[in-house]
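Close look at the chain arrangement
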Amino acid sequence: MAVIHRTTLTPTKLELLTAWLPTRPWYRGGADAPVLEKSGGFRLDDPEGEVGIEFMVATDTSAPEPTTYLLPLTYRGAPLAGAERALVGTAEHGVLGKRWVYDGCHDPVLVTELLALVQGRAQAMAQSVTDTPDHEVTRSCTGEPFDPAGLTPEPADDARGTRLADPHGTTLRIHRVLRPGAGPAEGATGHVAGVWNTPDGTRAGGVFMTLGTD
């Protein structure tokens, strides 16, 4: 069970992401730094209780047309070996001390628990409340189980988002740019969907990730 601490994080998550986001191929902004606001998200529990797992939704309001991003993050008490390229940054947690913040698509703990969520073996948890399920996150899965042990060792980022594939042609695609009302792609064998807040104060919903042949 992930325990949500009411404390400080320096720099904040949004400050770390402001510097990191423009380095991504799926970033939609221009030359200016993004202006991010938290729009929602959810968490997953690490069964070992060592790694914090968060799927943050943040909106860049710097352009006339805001862009909403899905940002899977993991928080660790020590560096993840071999994941230097996936490091978003480090921050000082008011209770836990120094934390290493990673792009969670490169963290095997997040990937394993995300597949468990898609397949109905894990529960989405509230982003900011301890031990509380998030029932606004929905999922579906048909067909054969997807084994995280068979994934390509390095996720692939492109303009559409992030892909993780297995040797049999099945792909887990994380939709980094969220589109309100979007449903699963044709031919998808599984998906996770959720809701988020928009800058105008309304709620939107759409697909966060899909499982299929891409």
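To start, this report covers the structure provided alongside it. (Residues numbered from 1 in each chain as written. Predicted model: local features only at pLDDT ≥ 70, side-chain atom pairs only at ≥ 80, totals over all residues. Heavy atoms only, no water.)

**Observations concerning the overall build of the protein chain**
Along the backbone of the protein chain there are two helices and 13 strands. For 214 residues, the compact-globule formula gives about 17 Å, and the C-alpha radius of gyration of the protein chain, at 16 Å, lands near that figure. Considering only C-alpha atoms, the protein chain reaches an extent of 45 × 40 × 30 Å along its principal axes. Burial statistics for the protein chain: of 214 residues in total, 47% are counted as buried. (Helix = DSSP H or I, 4+ residues; strand = E, 2+ residues; numbered from the N terminus. Rg over C-alpha atoms; globule rule 2.2 N^0.38 Å. Buried < 20%, exposed > 50% of the residue type's maximum accessible area, 1.4 Å probe, protein only.)

**With respect to the sheet that holds strand 11 (residues 171-174)**
On the basis of which strands lie adjacent, the open sheet formed by six strands has the order 8-12-13-11-10-9 and antiparallel pairing. Whereas interior strands pair on both sides, the edge strands pair on one side only; in this sheet they are strand 8 (138-141) and strand 9 (156-158). Recorded for the sheet is a direction-independent mean angle of 20° between the axes of neighbouring strands. As defined by bridge partners, strand 12 (residues 190-197) adjoins strand 13 (residues 203-212) across eight bridges and the pair is classed as antiparallel. Looking across to strand 13, one finds that Gly 194 is bridged to Gly 206. (Pairing = 2+ DSSP bridges. Axes fitted to C-alpha atoms, helices over the stretch in contact; angles between N-to-C directions.)

**Structural notes on the packing of aromatic side chains**
Applying the stated criterion across every chain, the model contains six aromatic pairs. On the basis of an interplanar angle of 25° and a centroid distance of 6.1 Å, the ring pair of Tyr 27 and Tyr 69 is categorised as stacked. Placement of the pair is Tyr 27 in the loop between helix 1 (13-20) and strand 2 (36-44) and Tyr 69 in strand 4 (residues 67-76), with a sequence separation of 42 residues. Under the relative-accessibility criterion, Tyr 27 is labelled buried at 11%. By relative accessible area, Tyr 69 is classed as buried at 1%. Aromatic pair Phe 42 and Phe 55: ring centres 4.7 Å apart, planes at 10°, arrangement stacked. With Phe 42 in strand 2 and Phe 55 in strand 3 (residues 52-60), this pair connects stretches of sequence that are 13 residues apart. Within the aromatic cluster, the residues linked to one another by ring pairs are Trp 20, Trp 26, Tyr 27 and Tyr 69. (Phe/Tyr/Trp six-rings, centres within 6.5 Å; stacked < 30°, edge-to-face > 60°.)

**Quick word on the pattern of salt bridges**
Applying the stated criterion across every chain yields a total of seven salt bridges. Close ionic contact of Arg 76 with Asp 107 constitutes a salt bridge, the shortest N to O distance being 2.8 Å. Here Arg 76, found in strand 4, pairs with Asp 107, found in the loop between strand 6 (97-103) and helix 2 (108-118); they are 31 residues apart in sequence, far enough to count as distant. Exposure class is identical for Arg 76 and Asp 107. Each is buried. Residue Glu 136 pairs with Arg 203 through a salt bridge whose shortest N-O separation is 2.6 Å. Taken together, the residues span a long stretch of sequence, with Glu 136 in the loop between strand 7 (125-126) and strand 8 and Arg 203 in strand 13 at a distance of 67 residues. (Salt bridge = Lys/Arg side-chain N within 4 Å of Asp/Glu carboxyl O.)

**Things to note about the pairing of strand 12**
On a regular strand, one side chain projects to one face of the sheet and the next to the other, so that they alternate. Where burial is concerned, most of strand 12 is hidden: six out of the eight residues are buried. Here strand 8 runs beside strand 12; their pairing, made up of four bridges, is antiparallel. Among the inter-strand pairings, Arg 139 is bridged to a residue of strand 12, identified as Val 192.

**Digging into unusual backbone geometry**
Going from Thr 10 to Pro 11, the amide bond is cis rather than trans, its omega being -10°. Inspection of the secondary structure assignment puts Pro 11 in the loop between strand 1 (9-10) and helix 1. Located in the positive-phi region is Asp 131, a residue other than glycine, with phi close to 55°. Relative to the assigned elements, Asp 131 resides in the loop between strand 7 and strand 8.

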